[in-house]
Amino acid sequence: MTAITIQQHILQEQQRFPGASGEFSFLLSGITLATKMIQAKVRRAGLTDILGDADNENIQGEMQQKLDIYSNECLIQSLSSRPSVGILASEEDEQPLVMPHQSVTAKYAVVFDPLDGSSNIDVNVSVGTTFSIFRRPEGADFEDPTRWVLQPGRRQIAAGYVVYGSSTVMVYTCGNGVHGFTLDPAVGAFVLSHENIQMPEQGNYYSVNEAYMDDFPEHYGAFIASLRQGLNGHSYSSRYIGSMVADFHRTLLRGGVFMYPPTKTHQYGKLRLLYEANPIAMIAEQAGGLATDGTQRILDIQPKGIHQRTPLLVGSQFEINEFEKRLNQ
Ligand code: P6P
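Not measured: the values here are computed from a predicted model.

Before we move on, could you go through the overall build of the chain and cite the residues and values that matter?
Counting secondary structure elements, the chain contains eight helices and 15 strands. Whereas a compact globule of 329 residues would reach a radius of gyration of roughly 20 Å, the chain reaches 19 Å, a difference of no more than 12%. If one aligns the C-alpha atoms of the chain with their principal axes, the spans along those axes are about 55 × 50 × 45 Å. Taking all 329 residues of the chain together, 56% fall into the buried category. Restricting the contact set of the chain to residue pairs at least 6 apart, pairs at least 24 apart contribute 65%. As displayed, the chain has an accessible area near 13,800 Å², and 49% of this comes from carbon and sulfur atoms. A gap of 5 Å separates the mean positions of the 25 positive and 35 negative side-chain charges of the chain.

The following block contains the structure:
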């Protein structure tokens, strides 16, 4: 069977965007290039002095890991050389970045978390990169860059993530199904390995940080208790890595539910809407799953701030419907 690289796949997807003269595939190739550079550093993290905390804090108030900084720079450098990109918004930067060219023909904004879960790097736990792509809104200019990115997730034209795990896998969607590509280190290419991923309608795992169990709102606690007891004679195991991309990737392939509910310290949950929940939610829905903030679909939320947080429940139809049934009781 001939291998299909992500570049070939993107070009096929490109046909779905009328008038996109290769710009879209060139944009996505900027992301794949950056993630190959990131993975090369992640794979060697224990061998270079890149481990450990940088001496400055990012806006999230977390100690930046040096790999965070490197990963952010890889994505900025790669995407800045794509004239179709007008605005970037990163988890690592308080404000959106306006591309120096400020081209009137710039069509896209890219939102990303360069290295989600980076606090796990030093203990060799899987980490990930997430990205989300929007079209430039009608009439948006470079005076108000936030307008390019404060769009509901349903307007994403593409979204995806790379999980740096036992292998490096990129999962993306352009609204025409979800497809996974495994990096072949021998040739340095992402090769199609999971075509048209469908999330199981019901799963065997629930994934949540149970240390906060007493903090969760009551209906979350009741839902988790029902998963522990088993639903409709279906039993569950608990799996939680503490790295969203890895926890979601398992949920995508095996089904079940991943959640980060509101807690006493994070009344809107810890995960960020724009560059964590939205891309994950687009992938989940494209694969037949669901994603909610506990009251509405993630993709319907109108963002108010680039770094705003949201509760997130994402997973199989069965489990999410079971949660929503309890909510309405
Ligand atoms: P907690 C990693 O720092 C992260 O942002 C997500 O990747 C992960 O799901 C979550 O935080 C883990 O948070 O509070 O369970 O340690």
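Which residues make up the packing of helix α1 (residues 6-14) against helix α2 (residues 23-43), and what are the values?
Describing two packed helices takes the angle between their axes plus the distance from one axis to the other. It is at 9 Å that the axes of α1 and α2 come closest, and there the two elements cross at 150°. Relative to α2, the element α1 lies roughly antiparallel. Seen along the crossing, α1 lies across α2 with a hand that is right-handed. Contact residues: α1 offers Ile 6, Gln 7, Ile 10, Leu 11 and Gln 14, while α2 offers Glu 23, Phe 24, Ser 25, Leu 28, Ser 29 and Thr 32. Counted by class, the contact of α1 with α2 contains five nonpolar, five polar and one charged residues.

Any details on the site of the ligand? Residues and values, ideally.
Around the ligand, the surrounding shell holds 13 residues, and the nearest of these are Asp 116, Tyr 212, Tyr 240, Met 244 and Tyr 260. Take Asn 209: an N or O atom from its side chain is 2.9 Å from an oxygen atom of the ligand. Contact distances for the ligand include 2.8 Å between an oxygen atom and a backbone N or O atom of Met 244. Taking 400 Å² as the accessible area of the ligand by itself, protein coverage stands at 86%. Residue composition of the shell around the ligand, grouped by class: six nonpolar, four polar and three charged.

Before we move on, could you go through the environment of Asp 116 and cite the residues and values that matter?
With respect to the helices, strands and loops of the structure, Asp 116 is situated in strand β5 (residues 108-116). Contacts of Asp 116, omitting those with residues within four sequence positions, involve Val 127, Gly 128, Ser 243, Met 244, Val 245, Arg 272 and Glu 276.

Which residues make up the sheet that holds strand β7 (residues 156-164), and what values do they have?
Spatial ordering of the open sheet is given by β4-β3-β5-β6-β7-β8-β9-β10, a layout of eight strands whose pairing is mixed. If you trace the sheet from one side to the other, it starts and ends with β4 (97-98) and β10 (189-194), each paired once. Across six bridges, the pairing between β7 and strand β8 (residues 168-173) is antiparallel. Looking across to β8, one finds that Tyr 164 is bridged to Thr 168. Against the sheet, α2 touches β3 (85-90), β5, β6 (127-135), β7, β8, β9 (178-184) and β10, its axis set at about 165° to β6.

Would you mind going over the pairing of β5 in detail, with residue names and values included?
Regular strands show a simple pattern: their side chains alternate between the two faces of the sheet. β5 sits mainly inside the fold: nine of its nine residues count as buried. Sheet topology note: the β3/β5 ladder contains five bridges and is parallel. The residue bridging Leu 88 from the neighbouring strand is Val 110, located in β5. Pairing of β5 with β6 involves seven bridges; the strand directions are antiparallel. Counterpart to Ala 109 in the pairing with β6 is Phe 134.

Thresholds, definitions, all that
- Residues numbered from 1 in each chain as written.
- Predicted model: local features only at pLDDT ≥ 70, side-chain atom pairs only at ≥ 80, totals over all residues.
- Heavy atoms only, no water.
- Helix = DSSP H or I, 4+ residues; strand = E, 2+ residues; numbered from the N terminus.
- Rg over C-alpha atoms; globule rule 2.2 N^0.38 Å.
- Buried < 20%, exposed > 50% of the residue type's maximum accessible area, 1.4 Å probe, protein only.
- Contact = heavy atoms within 4.5 Å.
- Areas by Shrake-Rupley, 256 points an atom, 1.4 Å probe, with all protein chains shown as cover.
- Lys, Arg positive; Asp, Glu negative; His and termini not counted.
- Charge placed at Lys NZ, Arg CZ, Asp CG, Glu CD.
- Axes fitted to C-alpha atoms, helices over the stretch in contact; angles between N-to-C directions.
- Parallel < 35°, antiparallel > 145°, perpendicular 65-115°, else oblique.
- Left-handed = near helix turned anticlockwise from the far one by under 90°.
- Nonpolar A, V, L, I, M, F, W, Y, C, P; charged D, E, K, R; others polar.
- Near = heavy atom within 4 Å.
- Polar contact = N/O pair within 3.5 Å; in protein donor to acceptor, adjacent residues only side chain to side chain.
- Pairing = 2+ DSSP bridges.

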